[in-house]
Amino acid sequence: MSGSLWLKPPGPEGAWTRVGHTARPRPGAAATDTLPDLPRPGGPGEPGADPMEELAGRLDAFVAAAVHPDEIAAVLESDGMTDEYIRLTYGRPDSFTLAEELYHRVPRSFPEPDALPDPWKVSLTACLLRGLIFALPGLAYLLGEPLLEGPPDRLGLPAGTLTLLAGALIGWVWDQTLSHRAYTWLGLGDRAAAGRTLLVGAPAGALLGTAAALAVPGGPPFSYAFAAGQALYVGAATVLLVLGRERLLLTALAPMAAGSVLALFSDPALPVRVTLLLVSLAAACTLALRELPVAQGVRALVRRIRGRAQRHPGEGGAVRWRMLRGAEEDHRRHGPRIADSVPYGVFGLGTGLLVLYAALGEVLTGGPAEAVAAPSAVALTLSMGPAEWLLHRFRSGSLAGLRAARSPRAFRRRMLATLGQCLAVYLTVLLLLGTTGTLLWPQAPGLTWDRVATLLLLGAVMWTGLLLQSFGAVRPAAAICAAAAAAQSLALLAGAAQPRLVQLAVAGAAAAVLSVLVCLLLGRATAHR
């Protein structure tokens, strides 16, 4: 029950004047009213104010915001106004009649809700920094280019390209899955479990990436060492990015980036190039190890080995007799399931292949090596920073629309407007990055209409896929991207004569399906809770 709404007694100067009848006054004495139970505003000789006007003025804000008279009646009753009091004071039979009259007397006015903090507000600088970190490792290929000299491979690509691509693609898929598992532990508030997950998963991903690179024959000898370093870096970068250590990772990349800029204007000696690459790699791995619970992990491994060594004979059989679990064991925190993390790896595989085909599609179908559209891949990588910021802006805009909309249709209109604005800004940024990269990249192919359209459609596929992923709909997004990558792979194996048109058709179909899915899934207000 709420407290009383009476801030002061009604009447002039907040005073009660008692009225009534007493014994006959003595001669010469002033006549007074002393009936104790009937309050009447105003003193002797003063006209009393209308109690209804006074009540309506005092409850003006609440009555104006009420959507039904019953709300007002509930407040009147909670304040202790009985029907008898209402009849004597306001001349109405009960609280419902008084509430209806107040409801019709005061005009409707619905105040805007108080401003709430935006939970999706993030720093644009931090997102741009992450996008820069995603793209900076590409400078390592520029610094190590003289070390990868050799005859072109069987597809006409520069020596070692397939070796590096195989290692990078497998490592990317593994680390997407690993990142989801670690982020899930962080979301549960268990940073130690996230550290243990990264401690086991990052080295395993580095081994897988190296193994994938070694499985590609025909590369120059240094390409395998370079692929091994690449796999180690991807694992270390995953650890630092998941744990929010972007600035440390940027510091580790500084020597390699400085050497790459130097290589644009001069020709550093091979020992200098190798030293700069090793310094950045060692710094990234050292910083990642410093963030991981290495000592606790070693102790846990030793305890597990000792426990298995001390197991009694017969305990490892097919049938074990165990006591029923106690109640305290039923509430243990369980981590993410493998099945929940695999779609993130599939999504990474699909988008990675689509970007790869955008850069190398023409070469893989027998085109000249000069047709490598590296600026498109670089633009898509750099755009991940603005894409992340725009994802947060969409969440902020949809939350504001959810608060302001008066109907599901109004919310859907607001959501679609916010979606269109964010997607248009992202595609504009992507186009600017692609145009700038094409102008600055030596011997880069020109941005024809089909290249521009493919680049923008791929950007729409990646951004809408990431949007669905952020709302938990990662499985349909992963399925669509994987299907698009599979269709393009089949077209490549079938020897399609027009690789650009195939890329355009595949990217356009995937973008259309993802856009429809976004409108269907995110047009419901319940998806934004």
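The rules we used
- Residues numbered from 1 in each chain as written.
- Predicted model: local features only at pLDDT ≥ 70, side-chain atom pairs only at ≥ 80, totals over all residues.
- Heavy atoms only, no water.
- Helix = DSSP H or I, 4+ residues; strand = E, 2+ residues; numbered from the N terminus.
- Contact = heavy atoms within 4.5 Å.
- Areas by Shrake-Rupley, 256 points an atom, 1.4 Å probe, with all protein chains shown as cover.
- Core = buried A, V, L, I, M, F, W, Y, C linked by side-chain atoms within 4.5 Å.
- Buried < 20%, exposed > 50% of the residue type's maximum accessible area, 1.4 Å probe, protein only.
- Patch = residues over 30% accessible without salt bridge, like charges linked within 9 Å, V, L, I, M, F, W, Y side chains within 5 Å.
- Salt bridge = Lys/Arg side-chain N within 4 Å of Asp/Glu carboxyl O.
- Polar contact = N/O pair within 3.5 Å; in protein donor to acceptor, adjacent residues only side chain to side chain.
- Phe/Tyr/Trp six-rings, centres within 6.5 Å; stacked < 30°, edge-to-face > 60°.
- 1 Å grid on protein atoms, 1.4 Å probe; cavity = no way out; pocket = protein on both sides within 12 Å on 5 of 7 lines; lining within 4 Å.
- Points joined across faces, edges and corners; volume = space filled by probe spheres on them.

**Quick word on the overall build of the chain**
- In terms of regular secondary structure, the chain is built from 20 helices and 0 strands.
- A sequence separation of at least 24 residues applies to 76% of the contacts in the chain between residues at least 6 apart.
- With an accessible surface of roughly 29,500 Å², the chain has 64% of that area assigned to carbon and sulfur atoms.

**As for the nonpolar core**
- Ranked by size, the top nonpolar core spans 54 residues in total, and within it Leu-380, Phe-394, Tyr-426, Trp-463 and Leu-467 carry the most contacts.
- For this core, the secondary-structure elements that each account for two or more residues are helix H14 (338–364), helix H15 (374–382), helix H16 (384–404), helix H17 (408–440), helix H18 (449–470), helix H19 (474–493) and helix H20 (499–522).
- Sequence-distant contacts of Leu-380, that is, excluding residues within four places in its chain, are made with Val-355, Tyr-426, Leu-430, Leu-455, Leu-458, Gly-459 and Met-462.
- By size, the runner-up hydrophobic cluster in this structure holds 35 residues, among which are Leu-178, Ala-236, Leu-243 and Leu-287.

**Digging into a nonpolar patch on the surface**
- Side chains of Leu-289, Val-294, Val-298 and Val-302 sit close together on the surface and give an oily, nonpolar patch of about 300 Å² of accessible area.
- Top element by residues in the nonpolar patch is helix H13 (residues 294–309). It accounts for 3 residues.
- When you line up the elements, Val-294 lands in helix H13.
- For Val-294, a relative accessible area of 32% translates into the label partly exposed.

**What to know about the pattern of salt bridges**
- Inspection of every chain in the model, using the stated rule, returns 11 salt bridges.
- The shortest N-O distance in the salt bridge between Arg-92 and Glu-101 comes to 2.5 Å.
- Notably, a salt bridge pairs Glu-246 with Arg-130, separated by 2.5 Å at the nearest N-O pair. One end of the pair, Glu-246, is in helix H11 (residues 246–265); the other, Arg-130, is in helix H6 (residues 124–135), with 116 residues separating them in the sequence. Across the pair, exposure class does not vary: Glu-246 and Arg-130 are buried alike.
- Counted as one network, the salt bridges with shared partners bring together Glu-53, Arg-92, Glu-101 and Arg-105.

**Some points on the environment of Thr-89**
- As for its position among the elements, Thr-89 is in helix H4 (residues 83–90).
- For Thr-89, a relative accessible area of 25% puts it in the partly exposed group.
- For the pair Thr-89 and Met-52, spaced 37 residues apart in sequence, the C-alpha separation works out to 9.0 Å.

**As for the side chain of Thr-351**
- By secondary structure assignment, the location of Thr-351 is in helix H14.
- From its side chain, Thr-351 meets the backbone oxygen of Phe-347 in a polar contact 2.9 Å long.
- At a separation of 3.2 Å, a polar atom in the side chain of Thr-351 contacts the main-chain carbonyl oxygen of Gly-348.
- The contact partners of Thr-351, leaving out residues within four places of it in the chain, are Trp-172, Met-462 and Cys-481.

**Let's talk about the packing of aromatic side chains**
- Tallied over the entire structure, the rule returns 4 aromatic pairs.
- Aromatic side chains Tyr-85 and Tyr-90 sit 6.4 Å apart centroid to centroid with 75° between the ring planes, which places their arrangement in the edge-to-face category.
- Exposure remark for Tyr-85: the relative accessible area of 24% places this residue in the partly exposed category.
- According to the relative accessible area criterion, Tyr-90 is buried, its value standing at 5%.
- With centroids separated by 6.1 Å and ring planes inclined at 75°, the aromatic side chains of Phe-394 and Phe-471 adopt a geometry described as edge-to-face.

**What to know about the layout of surface pockets**
- Of the voids in this model, the second largest pocket is the one considered here, and its volume is about 680 Å³.
- Along its surface, the second largest pocket is lined by 25 residues, and Arg-196, Thr-197, Leu-199, Val-200 and Arg-304 are the ones closest to its centre.
- Of all elements in the fold, only helix H8 (161–187), helix H9 (191–214), H13 and H14 reach the threshold of two or more residues within the lining of the second largest pocket.
- Of the residues forming the lining of the second largest pocket, the biggest block, 9 residues, is contributed by H13.

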